[in-house]
Amino acid sequence: MNMTDLQPSRRTYLSMLGLLGISSWIVPGLTMAKKPEAMEAIAKIVGSNPIRDGRVKLVIPPLVESGNLVVLKLAIESPMTANDYVKAVHVIAEGNPLPNIFTAYFTPRSGRAELTTRVRLADSQRVWAIAQMSDGSFWQGHADTLITLSACTELV
């Protein structure tokens, strides 16, 4: 018997860490959504409809010390009339454990399609806002942020 037979492989080592519930501390990328998952979430929202750039302004600070409370401001250009208004806005994060952060719904009585809230972001990433209009069109905007202290890490 040689020494390589006694040493566990990297895969075995990571699976043992997962059983102990600490793999996300050591290898946080194992629990984060990736860009393809975020794009898949967007595709589920819009279906086969095209997404246009513009009309959606998403503001997140470009550098954030802690991802626990990140201020997110959102505004969608719309007259908000009975025939032309924002129905919903979906916010998607590429690097959170679950890409769908939230969905906000509007009606013509909302007056303006604007909101300010705080979200948790797991890591430096791009955040997307997809606005669904009353005519069935979809518009998008995005913002990038650099997080120095991550939030949203899940313990397995």
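Residues numbered from 1 in each chain as written. Predicted model: local features only at pLDDT ≥ 70, side-chain atom pairs only at ≥ 80, totals over all residues. Heavy atoms only, no water.

## Considering the pattern of salt bridges
A side chain with one charge can pair with a side chain of the opposite charge if their charged atoms come near. For the structure shown, the criterion picks out 3 salt bridges. A salt bridge links Glu 114 to Arg 112; its shortest N-O distance comes to 3.9 Å. The class for Glu 114 is partly exposed, based on a relative accessible area of 45%. With a closest N to O distance of 2.8 Å, Arg 126 and Asp 144 form a salt bridge. Highlighted residues: Arg 126 in strand S8 (residues 125-133) and Asp 144 in strand S9 (residues 138-149), separated in sequence by 18 residues. Residue class for Arg 126 comes out partly exposed when judged on its relative accessible area of 24%. With a relative accessible area of 42%, Asp 144 lands in the partly exposed category. (Salt bridge = Lys/Arg side-chain N within 4 Å of Asp/Glu carboxyl O. Buried < 20%, exposed > 50% of the residue type's maximum accessible area, 1.4 Å probe, protein only. Helix = DSSP H or I, 4+ residues; strand = E, 2+ residues; numbered from the N terminus.)

## Overview of the pairing of S8
The buried fraction of S8 amounts to 7 of the 9 residues, a majority that puts the element mostly inside the structure. Strand direction decides the pairing type here: strand S5 (residues 86-93) and S8, joined by 7 bridges, are antiparallel. Note on S8: the bridge partner recorded for Val 89 is Ala 131. By the bridge criterion, 8 bridges tie S8 to S9 in an arrangement that is antiparallel. When the bridges of S9 are listed, Val 127 appears paired with Ala 143. Hairpin connection, S8 to S9: the antiparallel pair is bridged by 4 residues, and Gly 136 has positive phi, about 95°. (Pairing = 2+ DSSP bridges.)

## With respect to the packing of aromatic side chains
Tallying each qualifying case throughout the model produces 0 aromatic pairs. Here Arg 55 stacks its cationic end above the ring of Trp 139, 5.1 Å away from the centre of that ring. (Phe/Tyr/Trp six-rings, centres within 6.5 Å; stacked < 30°, edge-to-face > 60°. Lys NZ or Arg CZ within 6 Å of the ring centre and 35° of its normal.)

## Thoughts on the sheet that holds strand S7 (residues 113-119)
Pairing within the open sheet is antiparallel, and its 3 strands lie in the order S2-S4-S7. The open sheet terminates on both sides in strands that have one partner only, identified here as strand S2 (56-59) and S7. Recorded for the sheet is a direction-independent mean angle of 15° between the axes of neighbouring strands. Of the pairings in the sheet, the one linking strand S4 (residues 70-76) to S7 comprises 7 bridges and is antiparallel in character. Bridging across to S7, Val 70 finds its partner in Val 119. (Axes fitted to C-alpha atoms, helices over the stretch in contact; angles between N-to-C directions.)

## Quick notes on the nonpolar core
Within the largest apolar cluster, 27 residues are counted, with the highest numbers of intra-cluster contacts made by Leu 72, Leu 74, Ile 76, Val 89, Phe 106 and Val 127. Elements with a minimum of two residues in this core: S2, S4, S5, S7, S8 and S9. Membership of the second largest hydrophobic core comes to 8 residues, among which are Val 46, Ile 92, Trp 128 and Phe 138. (Core = buried A, V, L, I, M, F, W, Y, C linked by side-chain atoms within 4.5 Å.)

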